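# Descriptive structure summary
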Amino acid sequence: MSVNTYRKAQRLAQKDRKTSLTGILPVLEEQQLDLAYREPLGIIDIPMDLIAGTLTEARAISFSPHFFPLMEESTEFASKWIALSSAHMKEGIRDPIKAVEYLGRYYVIEGNKRVSVLKYYGAVSIPGTVTRYVPKRTPETEPYYEYLAFYRATGINYLHFDRQGGYADLLKAMSRELDTPWSADDIQAFRNLYFMFREAYLRQGGELDKVSESLLVYLDVFDYQESLRKVPHELDRDLARLRPELLNREKGAGVALLTEDTAKVPLLHFSGEVSAAFVHDRTAHESAWVYAHELGRRDLEAALEIETRSYEGISTPEAAAESFREAVDGGVNVIFVTSPQLWQAGVKAAVSYPQVKFLNCSLGMSYPSVRAYYARTYEAQYLLGAVAGALTENDLINYIADAPIYGTTADINAFALGARFVNPRARILLEWSQAEGTGSRNRMSDAGVTYIGEMDRLSPYDAKNRQPGLYLAGENHNIAIPLCRWGEIYVKIVRRILDGSWKNDTRGASAVNYWWGLDSGAVNVILSRRVPQGTRQLTDLLRDALCSGRMHPFTGELAAQDGQKLRFESAPTPRELASMGWLAENVEGKIPALEELTDSGRELVSVQGIGRGI
């Protein structure tokens, strides 16, 4: 029986060699490591999934890349392997191996055959005396140092993120802080959930090296404390519903930004085909942002003669869930959520109501179950920058942005490039309304011209405060404003549903984000009569050139703040524009770090900040 077992293991080894990239068991080249220090960990449970190879090159030829045995059955190696297999079946393998841990993976010093036997039988872990090899701290090893902090707080070594920010995202999903001690019960509860999730995820065809990221996707949608009480069949049900999100993360599909509207006006449709609901986190009375979207809702009703309903002041996930339930029970089949902060509630509802189309007013959301939509405002910013550059008398222009989220940096740079287009000496003094301790509003008159961004998205509406737009020093009335025509966007999205384009917009495992601009009528700039005629004509010429594609704010050779030269032979991709992380050379200021923002700013950036990737 044991010989037959060995032969089966050998066949697995041969298959393993053929399907792997290298065909050999990895060897840790100790002499080539640039280490900061070594740390003995004593005897710990080593996750079998994380045993990556051996420390001894001579042992590497005996095993396939996943530790299955390669040697002929007539060898002494095979006899020892078979004896270990028999011992394991009778009483189990208890003797700890010796290993090195490096970058979260384990390399065997002694006990290679024990690892091989247990790998064959599908063991989850093996005891081992471990020495940790810690590399020197560099940008490349920063994710590992985050793992060290997590390990020292929890003792958990079976969960790994190979990217920066993974452990912070996990703790946020669990509503925990890194410096909050974990009790033995906390650790055991998490372990139970992790391995139950792992089994359910792999059972549904998930990839072994994606378990940690997929668990994070799951906890982003489903409450952690609630998940601790679930049983396997409930996890199976949830994972089946969440499959589009998991595929997106597994394949690294990210976001597909659709920038053109090709939908046709349906020749005929019935008013009952679409019933839409709008969910806002504040009220139209207190928020100009919500007021603008409510105007868009009215435009949608008038243009397509469809029924809509509105839910205002929905500021918590619980309230959002209740509004979604009420809307669906009332026959709604399209739900627009105008607050990025409610995306999580939207995804959870979308997987619960697959017959309903959910959309969130944001950019960069990588959850296929909820489509995102936003206005391509950098084109309008280029026009406003040109107006400001023409009107400034001292070459100084104050720009007040809200928070560094997707699209904001492109807005700032487009504004700066537009100002330089008409005035090579123009300098943009950048401040952020959501930076702690900012005094931007008090210093608005220091510059000859001031542009204020869409602060209302984060700050309650106050008629005493200046609203988004371009101002001259000492004046309270704006002379130019950017206009997001939300009604146009809502009409275009519903038309896509009516004419079938909605289905054609699917891009494999990618999440779909609609990002429309000047050419589609979703964005525009309105100028006061006080703007000189020549500047008005120039603005019209630039608008026509942008709409026709004859020019683009970001083509040619550009220079960043740090002196880096950037050359774009053609227009940057939508992905490059949305996640732009540099500032133009004529911008004075910086992109604030997360800890420099207000609570509301941090909340928004944690959801769709440019550093999260798109």
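The structure this text deals with has already been given above.
Note that the structure is a prediction, hence the values are computed from the model and not measured.

Rules behind the numbers
Residues numbered from 1 in each chain as written. Predicted model: local features only at pLDDT ≥ 70, side-chain atom pairs only at ≥ 80, totals over all residues. Heavy atoms only, no water. Helix = DSSP H or I, 4+ residues; strand = E, 2+ residues; numbered from the N terminus. Buried < 20%, exposed > 50% of the residue type's maximum accessible area, 1.4 Å probe, protein only. Contact = heavy atoms within 4.5 Å. Areas by Shrake-Rupley, 256 points an atom, 1.4 Å probe, with all protein chains shown as cover. Lys, Arg positive; Asp, Glu negative; His and termini not counted. Charge placed at Lys NZ, Arg CZ, Asp CG, Glu CD. Phe/Tyr/Trp six-rings, centres within 6.5 Å; stacked < 30°, edge-to-face > 60°. Lys NZ or Arg CZ within 6 Å of the ring centre and 35° of its normal. Pairing = 2+ DSSP bridges. Axes fitted to C-alpha atoms, helices over the stretch in contact; angles between N-to-C directions. Salt bridge = Lys/Arg side-chain N within 4 Å of Asp/Glu carboxyl O. Core = buried A, V, L, I, M, F, W, Y, C linked by side-chain atoms within 4.5 Å. Expected span 1.5 Å × (residues − 1). Arc of directions from axis to C-beta. Parallel < 35°, antiparallel > 145°, perpendicular 65-115°, else oblique. Left-handed = near helix turned anticlockwise from the far one by under 90°. Nonpolar A, V, L, I, M, F, W, Y, C, P; charged D, E, K, R; others polar.

This paragraph deals with the overall build of the protein. Tallying secondary structure elements over the protein gives 21 helices and 21 strands in all. Projected onto its principal axes, the C-alpha coordinates of the protein cover approximately 95 × 55 × 45 Å. Taken across its 614 residues, the protein has 53% of its residues classed as buried. The contacts in the protein between residues at least 6 apart in sequence include a share of 72% that link residues at least 24 apart. Counting only carbon and sulfur atoms, one obtains 49% of the accessible surface of the protein, whose full area is about 27700 Å². Separation of charge centres in the protein, based on 69 positive and 79 negative side chains, amounts to 4 Å.

So, on to the packing of aromatic side chains. The tally for this structure, following the rule as stated, stands at 38 aromatic pairs. An angle of 85° between the planes, with centres 6.4 Å apart, marks the rings of Tyr144 and Tyr145 as edge-to-face. No difference in accessibility class separates Tyr144 from Tyr145, as the two residues are buried. Across the ring face of Tyr151, the terminal group of Arg132 is positioned such that the distance to the ring centre comes to 4.4 Å.

Taken in spatial order, the seven strands of this open sheet run β6-β17-β11-β10-β9-β7-β8, and their pairing is parallel. At either end of the open sheet lies a strand with only one pairing partner, and these are β6 (255-258) and β8 (307-311). For this sheet, the mean inter-axis angle between neighbouring strands, taken without regard to orientation, is 20°. Strand direction decides the pairing type here: strand β9 (residues 334-337) and strand β10 (residues 357-361), joined by four bridges, are parallel. Along β10, the bridge assignment pairs Val337 with Asn360. Along the sheet, helix α14 (residues 343-352) makes contact with β10 and β11 (370-375), crossing β10 at roughly 170°.

For Arg241, the position within the fold is in helix α10 (residues 232-241). Looking at Arg241, the relative accessible area reads 36%, which means it is partly exposed. Sequence-wise, Arg241 and Ser352 are 111 residues apart; in three dimensions their C-alpha atoms are separated by 7.4 Å. Those residues in contact with Arg241 that sit more than four places away from it in its chain are Val351 and Ser352.

It is worth spelling out the environment of Leu208 at this point. Locating Leu208 in the fold gives a position in the loop between α7 (184-203) and α8 (211-221). By relative accessible area, Leu208 is classed as partly exposed at 43%. Those residues in contact with Leu208, other than ones at most four positions away along the chain, are Asp49, Arg198 and Leu202.

Evaluation of the coordinates by the stated rule reveals 39 salt bridges. Across the pair Arg132 and Glu39 runs a salt bridge whose closest N-O atoms are separated by 3.8 Å. Placement of Arg132 in strand β5 (residues 125-135) and of Glu39 in strand β1 (residues 35-47) is noted, with a sequence separation of 93 residues between them. The salt bridge partner of Arg425 is Asp395, with a shortest N-O separation of 3.4 Å. With Arg425 in the loop between α16 (408-422) and β13 (427-432) and Asp395 in the loop between α15 (378-391) and β12 (396-401), this pair connects stretches of sequence that are 30 residues apart. Through salt bridges that share partners, Asp261, Arg485, Glu488, Lys492, Arg496 and Asp505 make up one connected network.

The subject of this paragraph is the nonpolar core. Proteins that are soluble and globular tend to have nonpolar side chains buried together. If you look at the biggest cluster of nonpolar residues, it comprises 89 residues, and the most contacted ones within it are Leu159, Phe190 and Ile335. If sequence neighbours within four positions are ignored, Leu159 has contacts with Tyr147, Phe150, Tyr167, Leu170, Phe190, Tyr194, Ser212 and Leu215. Listed in part, the 84 residues of the second largest apolar core include Ile306, Tyr399, Tyr406 and Ile493.

The next subject is the pairing of strand β16 (residues 480-484). Going residue by residue along β16, you find Ala480, Pro482 and Cys484 tucked away on one face and Ile481 and Leu483 left uncovered on the opposite face. In the sheet, β16 pairs with strand β18 (residues 523-527) via five bridges, with the strands oriented antiparallel. In the strand pairing of β18, Cys484 is matched with Val523.

Between the first and last C-alpha of helix α13 (residues 317-329) there are 18 Å, a value that for 13 residues agrees with the 18 Å anticipated at 1.5 Å per step. Taken together, the buried positions of α13 are Ala320, Ser323, Phe324, Ala327 and Val328. The buried residues of α13 occupy one face: seen down the axis, they fall within an arc of 130°. Exposed and oriented more than 90 degrees from the buried face of α13 are Glu318 and Asp329. Those residues of α13 hidden inside the fold are in contact with β7 (275-279), β8, β9, α14 and β10.

For the rest of this paragraph, the subject is helix α6 (residues 166-173). Of all eight residues in α6, six are buried; the element is thus mostly enclosed. Among all positions of α6, only Gly166, Tyr167, Asp169, Leu170, Leu171 and Ala173 are buried. Ser175 occupies a position one or two residues after α6 and carries a positive phi of about 60°.

Another point: the packing of α8 against helix α11 (residues 243-250). In the contact formed by α8 and α11, the axes pass within 10 Å of each other and the chain directions differ by 140°. Accordingly, the angle class assigned to the pair α8 and α11 is oblique. Both α8 and α11 take part in a crossing whose hand is right-handed. Counting all contacts with α8, which are made through Glu213, Ser214 and Val217, the residues of α11 involved are Glu245, Leu246, Arg249 and Glu250. In the contact of α8 with α11, the residues fall into two nonpolar, one polar and four charged.

Let's shift gears to the pairing of β6. On a regular strand, each side chain points to the face opposite its neighbour's, so the side chains alternate between the two faces of the sheet. Of the two faces of β6, the one lined by Val255 and Leu257 and the one lined by Ala256 and Leu258 are each fully buried. With four bridges joining them, β6 and strand β17 (residues 511-516) adopt parallel strand pairing. The partner of Val255 across the bridge, within β17, is Ala511.

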